[in-house]
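Chains, contacts and geometry: an overview
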Amino acid sequence: IKLQMNCNIVVPGQVITAEAGFLRGHGTYIQAGVNGQEPLLIASVSGIVERVNKLISVRPLKSRYYGEVGDLVVGRIVEVGTNRWKVDIGAHKDGILLLSSVNLPGGDLRIRTH
């Protein structure tokens, strides 16, 4: 079975490849081969097959945002604490913004007014 490059969308349980040498990425699992056959790389979620060199993963069709260093995010403040804000950024967890990290225009730091 060849890697299904012409059919990039897979469903859970669908065989992605039976060839040896591929690494399992997110959204996949390896099923042991039977009767001496090679192990099968199987999709564990519905999504689009992505291949980077020997790494094969399945990007879900619908998922939450997972931030990375350097991302610019827009969020909604959902809770105000004494020294932090909790921010809904549409990810699996809320973001935390420390008030000491907030810089106002002109380089001024936020000061307590009460």
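Just above, that's the structure.
Let me sum up the structure you'll find in this document. These numbers were taken from a predicted model, which means no experiment stands behind them. (Residues numbered from 1 in each chain as written. Predicted model: local features only at pLDDT ≥ 70, side-chain atom pairs only at ≥ 80, totals over all residues. Heavy atoms only, no water.)

1. Some thoughts on the packing of aromatic side chains
One pass over the full model with this rule turns up 0 aromatic pairs. Between Lys54 and the ring centre of Phe22, over which it is positioned, the NZ or CZ distance is 5.2 Å. (Phe/Tyr/Trp six-rings, centres within 6.5 Å; stacked < 30°, edge-to-face > 60°. Lys NZ or Arg CZ within 6 Å of the ring centre and 35° of its normal.)

2. Here we look at the sheet that holds strand 1 (residues 9–10)
Reading across the sheet, the 4 strands line up as 1-6-7-3 and stay open at both edges, with mixed pairing between neighbours. Taken across any chain shown, the strands that pair with only one partner, and hence form the sheet edges, are strand 1 and strand 3 (23–24). The pairing of strand 6 (residues 47–52) with strand 7 (residues 55–60) spans 6 bridges and is antiparallel. Of the residues in strand 7, the one forming a bridge with Glu50 is Ser57. (Pairing = 2+ DSSP bridges. Helix = DSSP H or I, 4+ residues; strand = E, 2+ residues; numbered from the N terminus.)

3. Some words on the sheet that holds strand 10 (residues 95–98)
The strands making up a sheet are joined through hydrogen bonds of the backbone, oriented either antiparallel or parallel. Pairing is antiparallel across the open sheet formed by 3 strands, whose spatial order is 8-9-10. Looking at the sheet topology across the chains shown, the edges are occupied by strand 8 (76–80) and strand 10. The mean angle between the axes of side-by-side strands here comes to 35°, regardless of whether they run parallel or antiparallel. Taken together, the 4 bridges between strand 8 and strand 9 (residues 84–88) define a ladder with antiparallel strand orientation. Across the sheet, the residue bridging to Val80 is Trp85, located in strand 9. (Axes fitted to C-alpha atoms, helices over the stretch in contact; angles between N-to-C directions.)

4. Some details on a nonpolar patch on the surface
A cluster of nonpolar side chains, contributed by Leu23, Val52 and Leu55, occupies part of the molecular surface with about 270 Å² of accessible area. Here Val52 lies in strand 6. (Patch = residues over 30% accessible without salt bridge, like charges linked within 9 Å, V, L, I, M, F, W, Y side chains within 5 Å. Areas by Shrake-Rupley, 256 points an atom, 1.4 Å probe, with all protein chains shown as cover. Salt bridge = Lys/Arg side-chain N within 4 Å of Asp/Glu carboxyl O.)

5. What about the nonpolar core?
Generally speaking, soluble globular proteins have nonpolar side chains that are buried together. Of all hydrophobic cores here, the largest spans 8 residues; its members are Val10, Ile16, Phe22, Leu41, Ala43, Val49, Ile56 and Val58. The contacts of Leu41, once residues within four sequence positions are left out, are Gln14, Val15, Ile16, Thr17, Arg24, Thr28, Tyr29, Ile30 and Ile56. (Core = buried A, V, L, I, M, F, W, Y, C linked by side-chain atoms within 4.5 Å. Buried < 20%, exposed > 50% of the residue type's maximum accessible area, 1.4 Å probe, protein only. Contact = heavy atoms within 4.5 Å.)

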